[in-house]
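The residues making up each chain are set out below.
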Amino acid sequence: MQAINPFSGEVIQNYPEYSSEYVNTIINQVDAAYQQWKLTDFEYRAKLMKNLQAGLLEKKVELAGIIVSEMGKVFREALGEVEKCATVCAFYADHAASFLKNEVIQTEAEASYISYQPIGTVLAVMPWNFPFWQVFRFLAPALMAGNTGVLKHASNVPGCALAIEQLVREAGFPENVFRTLLISSTKVNSVIENPLIKAVTLTGSTPAGKSVASMAGSMLKKSVLELGGSDPYLILEDADVEKAAQLCVTSRLLNAGQSCIGAKRFIIADKIYDDFEAEFVRLMSQATFGDPLNPLTTIGPLARLDLRDELHHQVTKSQEMGAKILLGGFIPEVKAPFYPPTVLTDVKQGMPAYHEELFGPVAVLFRFETEEEAIRIANDTVFGLGAAVFTSDITKGKLLAEKGLEAGCVYVNDFVKSDPRLPFGGIKESGYGRELSAVGIREFMNIKTIVVKE
Ligand code: NAP
């Protein structure tokens, strides 16, 4: 495995892939750790989780540096990502006990209740785009619940994977409650097959999700899938155009556009279309790309050359089929895999930009005349992760959010974000199950019914 700095093109380090024997040894060790860890109380786990929070904050500059060097996001965003990991540790340290306390249910028995019990070791298959946050939003609830975890991280961020393992160790958690497996994706199925692995969670692309889900299904193991998205944002005619355009551009450019919940399709009321388009293109064109360590840079390089080439192919193929490029749409003459902020219009069914996830700073603008048409365009996708509505009519915004848009979460007058307090996940080919909040921590629990008669 090789970590390559996408900005400089330099090889950071080569990592030998773990052998199958070593992977099995680690899983045995993690299971042995689980047998003790599951017996610990919330107070003890919370103390260690708070140590982990402190460790993240203490080393945040160093950790953000590893993120930037391995996947190229701007330093400011990497620092924010590490800080957010600290908040999810604190959140579950503070709330896990109440989320998992017994729930009494009245029956004719003397006592009947639900007792939430851990299930064992969970495999987490994770992506490179938020290489710390994606792992911590799994790790913090899993460990607080009394489960143990093994991480198969994306192959281009092995340094992040090992740094997270080290942080857990330094926080004082018992040896082996959380381990990293440096393996390629071809080894994932054999890990799922291991009888000591009780469940799997994957954050990544839809094809990877389908592969992991079928393997987990064939072994009757629970899975949670957080997959791709092509989030639609509706801008109604009564919206504050400037504010909406600014929030839409922020969402589209965050992480150089490499976010599952990045706004990707903008569906704009005819009456305000021209004003919105002009403001949107103006703001997109202001973004500067360059060295991710330079505080003036808005967007860094994409994480890998092949990802940049794939994105450009989606743009040019759509253009050949009739789409119009208002901004960007070219490969800059620099060695690093940069892609400029790009805006497309006249995108129709059949074009890649209509159907596929655009994992980079590329936006597609649509015009609508009736709200029915807006909803039809918004929902005409295999994805269903996030969505947003911009309107000054809050009642209408809530109605569209609840009944109109097919998505796991909808924001009204803001862009979609993940928040430890709120459930996060999708429908359709964006996956199933939820992370974060009380709902997320209960995904990998045995929801045990206890009935007591005298
Ligand atoms: P990816 O190629 O699917 O990789 C994600 C992880 O899955 C990596 O660890 C990868 O390992 C592994 N993997 C790939 N193919 C696999 C297979 N057939 N079987 C088992 N494991 C497999 O996705 P990515 O390019 O890293 O991340 C971008 C995608 O993730 C986008 O579609 C994005 O929308 C999605 N995403 C979703 C969320 C969410 O919460 N819904 C959050 C972030 C990202 P290797 O690196 O070794 O191939």
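Each remark here, short or long, concerns the structure printed above.
Below you will find a few notes about this structure. The numbering scheme is per chain: residues are counted from 1 as the chain's sequence reads. At least 70 in pLDDT is required for a residue's local features to be given in this predicted model, at least 80 for side-chain atom pairs to be given and counted, and no such filter applies to totals for whole chains, interfaces and linings, which use all residues. Only heavy atoms go into the side-chain values, all of them from the structure, while hydrogens and water stay out.

## Details of helix H13 (residues 371-379)
For the exposure calls, accessible area comes from a 1.4 Å probe over protein chains only, and a residue counts as buried if that area is under 20% of its type's maximum, exposed if over 50%, partly exposed in between. Only DSSP runs of H or I covering at least 4 residues are called helices, and only runs of E covering at least 2 are called strands; the numbering of each starts at the N terminus. Of all the positions in H13, only Ala374, Ile375, Ile377, Ala378 and Asn379 are classed as buried. Throughout, a contact is declared for two residues whenever any of their heavy atoms are within 4.5 Å. Taken together, the buried residues of H13 touch strand E10 (231-235), strand E11 (263-269), strand E14 (362-368) and helix H14 (394-404).

## Description of H14
The α-helix advances 3.6 residues per turn, and as a result positions three or four apart in sequence lie on the same side. Within the sequence span of H14, burial applies to Gly397, Leu400, Ala401 and Gly404. Down the axis of H14, the buried side of the element spans an arc of 120 degrees, and every buried residue falls inside it. What points out from H14, more than 90 degrees from its buried face, is the exposed set Thr395, Leu399, Glu402 and Lys403. Summarising the contacts, the buried residues of H14 are in contact with E10, H13, strand E15 (386-390) and strand E16 (409-412). Two to three positions downstream of the cap, the backbone nitrogen of Thr395 sits 3.2 Å from a side-chain oxygen, assigning the N-cap of H14 to Asp393. Directions from the helix axis toward the C-beta atoms define the arc. Two N or O atoms form a polar contact when they lie within 3.5 Å of each other; inside protein one atom must be a possible hydrogen donor and the other a possible acceptor, and for residues adjacent in sequence the pair counts only when both atoms belong to side chains.

## Here we look at the nonpolar core
For soluble globular proteins, the rule of thumb is that nonpolar side chains tend to be buried together. The definition of a nonpolar core used throughout is a set of buried Ala, Val, Leu, Ile, Met, Phe, Trp, Tyr and Cys residues joined through side-chain atoms within 4.5 Å. Grouped together as the largest cluster of nonpolar side chains are 129 residues, with contacts concentrated most on Phe132, Phe136 and Ile235. With 12 residues, helix H4 (residues 75-99) is the single largest residue contributor to this core. Taken domain by domain, the makeup of this core includes at least three residues from each of domain 1 (2-227 + 428-452) and domain 2 (231-412). When neighbours within four sequence positions are excluded, Phe132 is seen to be in contact with Leu56, Leu63, Ile67, Glu81, Cys85, Cys160, Ala163, Ile164 and Leu167. Domain ranges listed in this record stem from an automatic or a database domain assignment.

## Thoughts on the site of the ligand
When at least one non-hydrogen atom of a residue lies within 4 Å of a molecule or strand, that residue is treated as near it. Close to the ligand lie 29 residues; Arg137, Ser155, Ser205, Leu227 and Glu357 are nearest. Between the ligand and the protein, one listed contact pairs an oxygen atom with a side-chain N or O atom of Glu357 at 2.6 Å. Within the complex, the protein chains bury 86% of what would otherwise be the 900 Å² of accessible surface of the ligand. When each cavity is represented as a set of grid points, the ligand is found to reside in the largest pocket. The set of elements that each furnish at least two residues to the shell around the ligand consists of helix H5 (133-144), strand E8 (197-203) and helix H8 (206-218). No other element matches H8, which puts 3 residues into the shell around the ligand. Three residue categories are used. Nonpolar comprises Ala, Val, Leu, Ile, Met, Phe, Trp, Tyr, Cys and Pro, charged comprises Asp, Glu, Lys and Arg, and polar comprises the others, including Gly. By residue class, the composition of the shell around the ligand is 14 nonpolar, 11 polar and 4 charged. Of the residues that make up the shell around the ligand, three or more belong to each of domain 1 (2-227 + 428-452) and domain 2 (231-412). Here the accessible surface of atoms and residues is derived via Shrake-Rupley with a 1.4 Å probe, and residues count as covered only by protein chains that are part of the display. For cavity detection a 1 Å grid was placed over the protein atoms alone, and a set of points counts as a cavity when a 1.4 Å probe fits there but cannot get out; an open set counts as a pocket when protein lies on both sides within 12 Å along at least five of seven lines, with lining residues being those that have an atom within 4 Å of a point. Each molecule is assigned to a cavity or pocket provided more than half of its atoms lie within 2 Å of the corresponding grid points.

## Here's the deal with the packing of aromatic side chains
Two aromatic rings are characterised by how far apart their centres lie and by the angle between their planes. Each Phe, Tyr or Trp ring (for Trp, its six-membered ring) is paired with any other whose centre lies within 6.5 Å, and the angle between the two planes then decides the class: stacked below 30 degrees, edge-to-face above 60, tilted in between. Taken as a whole, this structure holds 15 aromatic pairs when the rule is applied. An angle of 25 degrees between the planes, with centres 5.6 Å apart, marks the rings of Phe276 and Phe280 as stacked. Of this pair, Phe276 and Phe280 both sit in helix H10 (residues 270-286), 4 residues apart, roughly one helical turn. As far as burial versus exposure is concerned, Phe276 and Phe280 are alike and both buried. A ring pair is formed by Phe289 and Phe338, whose centres lie 5.2 Å apart and whose planes are at 35 degrees; its orientation type is tilted. In this pair, Phe289 is assigned in the loop between H10 and helix H11 (305-320) and Phe338 in the loop between strand E12 (324-327) and strand E13 (342-345), connecting sequence segments 49 residues apart. Assessed through its relative accessible area of 4%, Phe338 is described here as buried. The rings of Tyr233, Phe266, Phe276, Phe280 and Phe390 are connected pair by pair, giving a single aromatic cluster.

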